[in-house]
Amino acid sequence: MDLASRYKGVVGFVFGNENSGSSEDSYVERLLDRISNGVLAEDRRNAIADLQSIVAESGAGQLAFGAMASAYKFSGFPVLMGVLKEERDDVEMVRGALETLVSALTPIDHVKGPTNEVQPALMNTDLLSRESESISLLLSLLSEEDFYVRYYTLQILTVLLNNSPNRLQEAILSIPRGITRLMDMLMDREVIRNEALLLLTYLTREAEEIQKIVVFEGVFEKIFSIMKEEGGSEGGVVVQDCLELLNNLLRSNASNHVLLRETVGFDPLISILKIRGISYSFTQQKTINLLSALETINLLMMGGSESDPQKDSNKIANKTVLSQKKLLDHLLMLGVESQWAPVALRCSALRCIGDLVAGHSKNLDALSSKVLGEERQVEPALNSLLRIILRTSSMQEFIAADYVFKNFCEKNKDGQAMLASTLIPHPISMAAASLEEDVNMSFGSMLLRGLAMSESDGDLESCCRAASVLTHILKDNTQCKERVLQVELEASMPSLGAPELLLHRIVRYLAVATSMKNKDGKPGYSYIQPIILKLLITWLADCPSAVQCFLDSRPHLTYLLELVSATSSTVCVRGLAAVLLGECIIYNKSSENGKDSFTIADAISQKIGLTSYFLKFDEMQRSFIFSSVKPTQSHKPLTRSTAAIMTEIEDVNESDLTYQKSEDHPILTSICDAQFVSFVKSVEVNIRENIVDVYSRPKSDVAVVPADMEQKGGESDKEYIKRLKAFVETQCFEIQKLLGRNATLAEDLARTGHSQPELTAGSSSDRVQMETLRRDLQEASQRVEMLKAEKAKVESEALMYQNLAGKLESDLKSLSDAYNSLEQNNIQLEKEVKTLKSGGTSTSPDIEAIIAEAREEAQKESEAELNDLLVCLGQEQSKVEKLSARLSELGENVDQLLEGIGDDMGLPEGEDDEED
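Residues numbered from 1 in each chain as written. Predicted model: local features only at pLDDT ≥ 70, side-chain atom pairs only at ≥ 80, totals over all residues. Heavy atoms only, no water.

1. Examining the overall build of the chain
When helices and strands are counted, the chain shows 46 helices and 4 strands. The proportion of buried residues among the 916 residues of the chain is 47%. Restricting to contacts in the chain with at least 6 residues of sequence separation, those with at least 24 account for 71%. Accessible surface, the chain as shown: approximately 46200 Å² in total, 52% of it carbon and sulfur. (Helix = DSSP H or I, 4+ residues; strand = E, 2+ residues; numbered from the N terminus. Buried < 20%, exposed > 50% of the residue type's maximum accessible area, 1.4 Å probe, protein only. Contact = heavy atoms within 4.5 Å. Areas by Shrake-Rupley, 256 points an atom, 1.4 Å probe, with all protein chains shown as cover.)

Structure representation (structure tokens):
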């Protein structure tokens, strides 16, 4: 069914069918007949006036007028367009036709029907916008001299653009000099100019081709000329329309930035931001105009769209020119010094300050050296910004001021060091100091006072805000981390006396925030713990000294383990606590027992479980805060429809917030920016790899050096055996510990393999990870089976060599018995020689020679047999040592296997003495 048929059906439903004889249908038809076929001009003019009246007042009349083309003999639009085309000389009739068209396209507020019913005004707009010839005819009317003809024509084009923007843009681009005719209207009378300005504002929102044309037609000069005539920021809605048109031209077109900078310049824009007087009043329209101008400044500092190659060069060039024009002074006046200004305006100015100094060294230096106030009460601008953070009751203002410090400290090591150097506790007790005394404090003293004020009032709000600033100071700066690590605060209780390290105080506040209640007795604010955790994560990152300081207090680790597994905490808190716990592993360089990375990993495995621990990361990554983070800040265009809402941004007290425990809290979304989320993801990968590495190697790296297995000089056999036994026991202990860790890891992997499909069904990356884990588990099982088979083989070989060793021991015993028998024979022969000597001396020389010869032959024979036996024993001893080492690696008790071997072996007592 085509569009005309649908409209015909609607008309039949509203007015009745063609045979119903509806009075409205007949009346509209008769009027169109009079306009089309009337003879007298006055009668035709009266018919147009009557038609305009019924169309303006009746929705049924609008519907009948638009449906005439398909349902009745005469059609509405062709009749009136014919008048516009053929009756140009009759100005009154042309006016009436245009006014009737305006009424036919304008919705009637008091007509409210079902939501699914076709709206007559929208239907008429759709019908008219389909004909490109009609658009061309309307544009040609802009050259008419009559004021009302031009005015009504612009109104018709604006209505068409609101309801059918794409069609009108295409039609205007296809008409020669179509945009030029609209641009000429900007120099017309005020009412015509304002309508043309509004029309161009709608046309340039997304049409890049139209943007280029209007820029080359000199729109920048005309815009600033109009704003100057209207009084700048003091002007009305026309100034707002001019700035909206300017923003449309700059939002995604870097070449327009260059044209504006090199032709008109930025002086007319900056002049709008100038405010004078200490009792300046801000009307709603004044606020909207200033917000629009600040949006223009923000677009200039962005440099263009993300995909534009000129973006970076434009960004630096625009920031340089803006700083030369003293923009920073005007922004500080609006955002910091003008505390009577609306909250929305102050926040917008603060965000512009942050963008102005981001990545620009000269602007960073300018902000760090800028001072505010009168001569007697001058203070650094950074101190004033910090006071806003600590004192403001507006959440949005805190976020905006914090954004300034974030951009000031980003990749600005000198600025971070300058701020960190002032972190010295104030001589006066910070808990007892009044709020007025912070005027004379240094930046660091004021910041530390903000951190310590929570002790006196029981509210962690100021601590939370100060912690966010401290996070920016410490980010990616090891020197600042080491320096702030030495800062000590006054003891929270005077009776304790000893000062407390700042890091330990921050951890204690983290624990206090868990049990904190708000004014209604409900759980505390959802953003305090994440901000403190972000500070600790930033502080411990790549800083072993901070990790060591954190672990110096044993309750810290215990509390962190409880926080990770606490069901009462939010997903974000548990995930960030898991990241902090993982940093205690990957950045831990301590070898002290109880504080090393192995102890932390074991504690995680025992108290939480590896599967549950890693699941905290996955839950955090899937949470709203992390999954909704965008790479760059998205600024919604400030239009007529959104401007009034922007000016009404007034912060509510924290007790009135409806999303205290939800994940879409504005502060949470501001601290979990794209950079921090990316850092957390990279740290998570390192944590997983390091934990696996901890479970794959022993606690102490013991190198088995062959020299250590040798008997040292002067070391007795007993000491040597004792040392070897201690070495084997150490190795066995490490093997058992490794086996226990591997068993735990295997169990966690097995549980992960069973539970992961339920948790991550439909995720292809997680399924790939699950399959990888399954394959790893299968390979580990196969290796275990291979090791078991090898262990059985080694045990059989050990038994064989044990039997061989027993045989050798028995041979050695036989040889020892033979040697003892030989000695006994030798003794007997010596006795016989003595007897012979006592019998006569003549034969003694011969006998002695015979004895000596016999002894020498017996000794040679005995030494030869002993040498052969020692060689055999040396070879067997080497085999036994190798087998003992292999059995030790497989976890067998070597002493138990060798127990009982050689108990009945040994030399007779006193043998060495007799041999000597």
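After that view of the structure, there is still more to cover.
2. Points about the packing of aromatic side chains
This model, assessed by the stated rule, comprises 8 aromatic pairs. Geometrically, the ring pair formed by Phe 147 and Tyr 151 is stacked, given 6.0 Å between the ring centres and 5° between the ring planes. Placement of both Phe 147 and Tyr 151 in helix H9 (residues 147–163) is noted, with a separation of 4 residues, approximately one turn of the helix. The exposure classification of Phe 147 matches that of Tyr 151, with both residues buried. Ring centres of Phe 405 and Phe 443 lie 5.6 Å apart, and the angle between their planes is 40°; on these two criteria the pair is classed as tilted. Linking Phe 405 in helix H24 (residues 395–409) with Phe 443 in helix H26 (residues 443–452), this pair joins segments that are 38 residues apart in sequence. What makes Phe 443 buried here is its relative accessible area of 5%. Of the aromatic side chains, those joined through ring pairs into one cluster are Phe 147, Tyr 148, Tyr 151 and Tyr 152. (Phe/Tyr/Trp six-rings, centres within 6.5 Å; stacked < 30°, edge-to-face > 60°.)

3. Looking at the packing of helix H34 (residues 571–586) against helix H40 (residues 674–694)
Where H34 contacts H40, the axes come no closer than 9 Å and their chain directions differ by 50°. Taken together, the axes of H34 and H40 are oblique relative to one another. Crossing angle aside, the handedness with which H34 passes H40 is left-handed. Contacts between H34 and H40 involve Leu 576, Ala 578, Val 579, Gly 582, Glu 583, Ile 585 and Ile 586 on the former and, on the latter, Phe 676, Phe 679, Val 680, Val 683, Asn 686, Ile 687, Asn 690 and Ile 691. Of the residues belonging to the contact of H34 with H40, the class tally is 11 nonpolar, 3 polar and 1 charged. (Axes fitted to C-alpha atoms, helices over the stretch in contact; angles between N-to-C directions. Parallel < 35°, antiparallel > 145°, perpendicular 65-115°, else oblique. Left-handed = near helix turned anticlockwise from the far one by under 90°. Nonpolar A, V, L, I, M, F, W, Y, C, P; charged D, E, K, R; others polar.)

4. What to know about the packing of helix H3 (residues 41–57) against helix H6 (residues 91–105)
For the pair H3 and H6, the least separation of the axes is 9 Å and the interaxial angle reads 15°. Of the possible angle classes, the one that applies to H3 and H6 is roughly parallel. Between H3 and H6 lies a crossing whose hand is left-handed. On the side of H3, the interface is formed by Ala 41, Arg 44, Arg 45, Ile 48, Leu 51, Gln 52, Val 55 and Ala 56, while H6 contributes Glu 92, Met 93, Gly 96, Ala 97, Glu 99, Thr 100, Ser 103 and Ala 104. Along the lines of polarity and charge, the residues of the contact of H3 with H6 split into 8 nonpolar, 4 polar and 4 charged.

5. Quick look at the side chain of Ser 462
Checked against the element boundaries, Ser 462 lands in helix H28 (residues 461–474). In this structure Ser 462 comes out as buried when scored by relative accessible area, which is 10%. At 3.2 Å, the side chain of Ser 462 forms a polar contact with the backbone oxygen of Gly 450. (Polar contact = N/O pair within 3.5 Å; in protein donor to acceptor, adjacent residues only side chain to side chain.)

6. Re the pattern of salt bridges
A full pass over the atoms with the stated rule returns 30 salt bridges. Measuring nitrogen to oxygen at the nearest pair gives 4.0 Å for the salt bridge that ties Arg 45 to Glu 92. Of this pair, Arg 45 sits in helix H3 while Glu 92 is found in helix H6, placing the two residues 47 residues apart along the sequence. A network of salt bridges, in which partner residues are shared, links Glu 42, Arg 45, Asp 90 and Glu 92. (Salt bridge = Lys/Arg side-chain N within 4 Å of Asp/Glu carboxyl O.)

7. What to know about unusual backbone geometry
A positive phi angle, near 65°, is found at Lys 326, a position not held by glycine. Summarising the element assignment, Lys 326 is placed in the loop between helix H19 (311–324) and helix H20 (327–337). Even without glycine at this site, Lys 411 takes up a positive phi of about 55°. Take Lys 411: it is sitting in the loop between H24 and helix H25 (413–420). Taking relative accessible area as the criterion, Lys 411 reaches 81% and is therefore assigned exposed.

8. Brief notes about the environment of Thr 106
Along the chain, Thr 106 falls in the loop between H6 and helix H7 (120–129). Each C-alpha atom, one on Thr 106 and one on Ile 156, is 9.0 Å from the other, the two residues being 50 residues apart in sequence. Setting aside its immediate chain neighbours within four residues, Thr 106 contacts Gln 62 and Ala 121. There is a polar contact of 2.6 Å between the side chain of Thr 106 and the backbone oxygen of Val 102.

9. Details of the confidence of the model for the chain
When pLDDT is averaged along the chain, the result is 79; 78% of the residues meet or exceed 70. Considering only residues more than four positions removed or in separate chains, one finds that residues 1–21, a stretch of pLDDT under 50, has 32 contacts. Segment residues 650–661: pLDDT under 50, and 30 contacts once partners within four positions in sequence are set aside and those in other chains are kept. (pLDDT = per-residue confidence, 0-100.)

10. Re the nonpolar core
Ranked by size, the top nonpolar core spans 221 residues in total, and within it Leu 84, Leu 182, Leu 502, Trp 539, Leu 581 and Tyr 613 carry the most contacts. If near-sequence neighbours (up to four positions away) are discounted, Leu 84 is found in contact with Val 94, Ala 97, Leu 98, Leu 101, Leu 137, Leu 138 and Leu 141. (Core = buried A, V, L, I, M, F, W, Y, C linked by side-chain atoms within 4.5 Å.)

11. Observations concerning helix H23 (residues 381–391)
In terms of burial, H23 is largely enclosed, as 10 of its 11 residues are buried. Of the positions making up H23, those classed as buried are Ala 381, Leu 382, Asn 383, Ser 384, Leu 385, Leu 386, Arg 387, Ile 388, Ile 389 and Leu 390.

12. Observations regarding helix H36 (residues 610–622)
Compared with the 18 Å implied by 1.5 Å per residue over 13 residues, the 19 Å span of H36 between its first and last C-alpha is a close match. Looking at H36, one finds that the buried residues are Leu 610, Thr 611, Tyr 613, Phe 614, Lys 616, Phe 617, Met 620 and Gln 621. (Expected span 1.5 Å × (residues − 1).)

13. Some thoughts on the state of the cysteines
A complete count under the given rule lists 0 disulfides for this structure. Cys 464 provides the cysteine sulfur closest to Cys 463, a residue in no disulfide bond, and the two sulfurs are 7.3 Å apart. Overall, Cys 463 belongs to the buried group, its relative accessible area being 0%. Not part of a disulfide, Cys 549 finds its nearest cysteine sulfur in Cys 543, a span of 9.3 Å. We classify Cys 549 as buried; its relative accessible area is 7%. (Disulfide = S-S within 2.5 Å.)

14. Focus: the environment of Leu 474
Summarising the element assignment, Leu 474 is placed in helix H28. Linking Leu 474 and Cys 409, residues 65 residues apart in sequence, is a C-alpha distance of 8.7 Å. Among residues more than four places away in sequence, those in contact with Leu 474 are Gln 416, Cys 480, Lys 481, Val 484, Leu 535, Thr 538 and Trp 539.

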